[in-house]
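Residue-level listing of the chains:
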Amino acid sequence: MSHPVVIVGASMGGLRMAEALRRFGYTGAITVIGDEPYAPYNRPPLSKEVLAETVSHEAVAFEQRDSTADVNWMFGTRVQATDLEHAVVTDVNGDVHPYSALVVATGLRSKRLTVPNGELRGRHAVRTLDDAIALRRELVPGARVVIVGAGFIGCEVAATARKLGCDVTIVAPGTHPMQRPLGTELAAEMQRRHEAQGVTFRMKTAVTDLVGTLAVDGVALDDGTTIPCDVLVEAIGSHDNTEWLEGNDLDLATGVRTTNDLRAVKSTGEVWDNVFVIGDLARFPNPIFDNECRRIEHWNIPTETAKRAAQVFTGNAQGDFRPIPSFWTDQYDNHLLAYGVLSLADEVKLIDGEISGDCVFGYYRDGDMVGVCGIGMRSVVQRYRANFV
Ligand SMILES: Cc1cc2nc3c(=O)[nH]c(=O)nc-3n(C[C@H](O)[C@H](O)[C@H](O)COP(=O)(O)OP(=O)(O)OC[C@H]3O[C@@H](n4cnc5c(N)ncnc54)[C@H](O)[C@@H]3O)c2cc1C
């Protein structure tokens, strides 16, 4: 009997891969190994609507479809290593799992602050369901919440914490929140909208240490000041979960480099025919934009990459893989929707609406549109999506 397809990572990418393998006709065995104790669940609500209400697995779990009922799900099991030459992975218990094809779907984990006085209670990150459960308990009215990092997750948590009656300060090194993806004008406008909701920004500032004995009660900044703090949220980016792939001569510089067909590439340029990378970790070339390998850490990518990898594995792939990157974020009643890769732009301009209300920005590289992002005006933003097909 041939070995199963082994998918490492039992989150959105892992689930969508198992579903897509069945959809494209693969009838052999599938094993999915994930280190979290839960069946696959959806992460975006963990910083938004679910964080504002009751955080539970039922609130975020993905539907389990009949097509994957016969999959061997191994939750709470961490994969420690892989030997691509011998086509096996080894889990923390020392059990060895041979595979016919390997799917890498281990995503990211939160980066944490490194500070001298770091061993304190009250420090939080927001990546997993357990993170959100722990944070939700502390977001009580009047709590002084300091969020380090002004990216999407930091800003979403800020909006949710304000909704829950917390006192919120964001500390970050940049000039405006979400500036790298959104560009200066839209980022400045989003800062204004957060400030109008009562959020305090300490931009161009870094945390040097934490204050407190058992729990955090202050955050020391590099301008010599200290902010009082009951709840610290560290939203400063992420690390790749790729340690288990080390020693196999893969290009792990950022994510895992792949071909356009999502097959892992050795540092020599040779390709592993039976090793696929999907989701946040896949660094692949997308001919919509150019030949550069890039990773795209947006919600639509695990589904799109899983579908493509399953098509390639089952011999159903046609043409180039050209997924349109897309993200949304909800902060108060501001619903932002974007298509493309905004960070590629050398020019950003308002193309519809009013900056102080609903509006749409276009992102251009050498005069060609590489992204579009709107606050509201969903149907207008969706019309521009056609530019990337
Ligand atoms: C709080 C939050 C809010 C978000 N909001 C948005 C949004 O509004 N819009 C948007 O477009 N995107 C959003 N995203 C991003 C989106 O959720 C991710 O792009 C998506 O979850 C990536 O899925 P993945 O399966 O590739 O990786 P992950 O979801 O990271 O899953 C990887 C899984 O593999 C497990 N794992 C890691 N190492 C091992 C190992 N060695 N052995 C076994 N298992 C392992 C991990 O524990 C995890 O369960 C958000 C993400 C977060 C965290």
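What counts, and at which threshold
Residues numbered from 1 in each chain as written. Predicted model: local features only at pLDDT ≥ 70, side-chain atom pairs only at ≥ 80, totals over all residues. Heavy atoms only, no water. Pairing = 2+ DSSP bridges. Helix = DSSP H or I, 4+ residues; strand = E, 2+ residues; numbered from the N terminus. Axes fitted to C-alpha atoms, helices over the stretch in contact; angles between N-to-C directions. Contact = heavy atoms within 4.5 Å. Near = heavy atom within 4 Å. Polar contact = N/O pair within 3.5 Å; in protein donor to acceptor, adjacent residues only side chain to side chain. Areas by Shrake-Rupley, 256 points an atom, 1.4 Å probe, with all protein chains shown as cover. Nonpolar A, V, L, I, M, F, W, Y, C, P; charged D, E, K, R; others polar. Buried < 20%, exposed > 50% of the residue type's maximum accessible area, 1.4 Å probe, protein only. Domains from an automatic or database assignment. Buried area = accessible area lost by both parts, 1.4 Å probe. Salt bridge = Lys/Arg side-chain N within 4 Å of Asp/Glu carboxyl O.

Focus on the sheet that holds strand β7 (residues 101-104)
Sheets are built from strands that pair by backbone hydrogen bonding, the pairs being arranged parallel or antiparallel. Judged by pairing direction, the sheet is mixed, and its six strands sit side by side in the order β3-β2-β1-β7-β20-β19 without closing on themselves. In this open sheet, the two edge strands, each paired with only one partner strand, are β3 (72-74) and β19 (263-265). The average angle at which neighbouring strand axes cross in this sheet is 30°, direction not considered. Direction of pairing for strand β1 (residues 5-8) relative to strand β2 (residues 30-33): parallel, over a ladder of four bridges. Residue pairing in the sheet places Val8 in a bridge with Ile33 of β2. With respect to the sheet, helix α1 (residues 12-23) is in contact with β1, β2, β3 and β7, its orientation differing from that of β1 by roughly 155°. Sheet strands touched by helix α8 (residues 300-313): β1, β7, β19 and β20 (271-277). Its angle to β20, the strand with the most contacts, is close to 145°.

A few points about the site of the ligand
The immediate surroundings of the ligand are formed by 35 residues, with Asp35, Glu36, Arg43, Lys48 and Asp280 found nearest. Here Gly13 contributes a backbone N or O atom positioned 2.9 Å from an oxygen atom of the ligand. Separating an oxygen atom of the ligand from a backbone N or O atom of Trp299 is a distance of 2.9 Å. Calculation on the ligand without its partners gives an accessible area of 1000 Å², and the protein chains cover 95% of this total. Taken together, the elements giving at least two residues each to the shell around the ligand come down to α1, α5 (152-163) and β23 (326-331). If you tally residues by element for the shell around the ligand, the top one is β23, at three residues. Taken together, the residues of the shell around the ligand sort by class into 14 nonpolar, 12 polar and nine charged.

Some remarks on the pairing of strand β12 (residues 200-203)
Side-chain alternation along β12 places Phe201 and Met203 on a buried face and Thr200 and Arg202 on a face that remains uncovered. In this structure, strand β11 (residues 167-172) lies alongside β12, joined through four bridges in parallel fashion. Bridged to Thr169 within β12 is Thr200.

A word on the domain arrangement of the chain
Structurally, the chain comprises domain 1 (5-107 + 241-313), domain 2 (111-236) and domain 3 (333-388). The C-alpha-based centres of domain 1 and domain 2 are spaced at 30 Å. Domain 1 puts 15 residues into the contact, and the matching count from domain 2 is 15 residues. Interface area for domain 1 against domain 2, summed over the two sides, is near 1300 Å², with a carbon-plus-sulfur share of 62%. Counting across the domain 1 and domain 2 interface gives two salt bridges. Its salt-bridge partner being Glu156, residue Lys48 comes within 3.2 Å of it at the nearest N-O pair. At the boundary of domain 1 with domain 2, the tally comes to nine residue pairs in polar contact (both at pLDDT 80 or more). Of all elements in the fold, only α2 (49-52) and α3 (57-60) reach the threshold of two or more residues within the side of domain 1 that touches domain 2. By residue class, the composition of the side of domain 1 that touches domain 2 is seven nonpolar, three polar and five charged.

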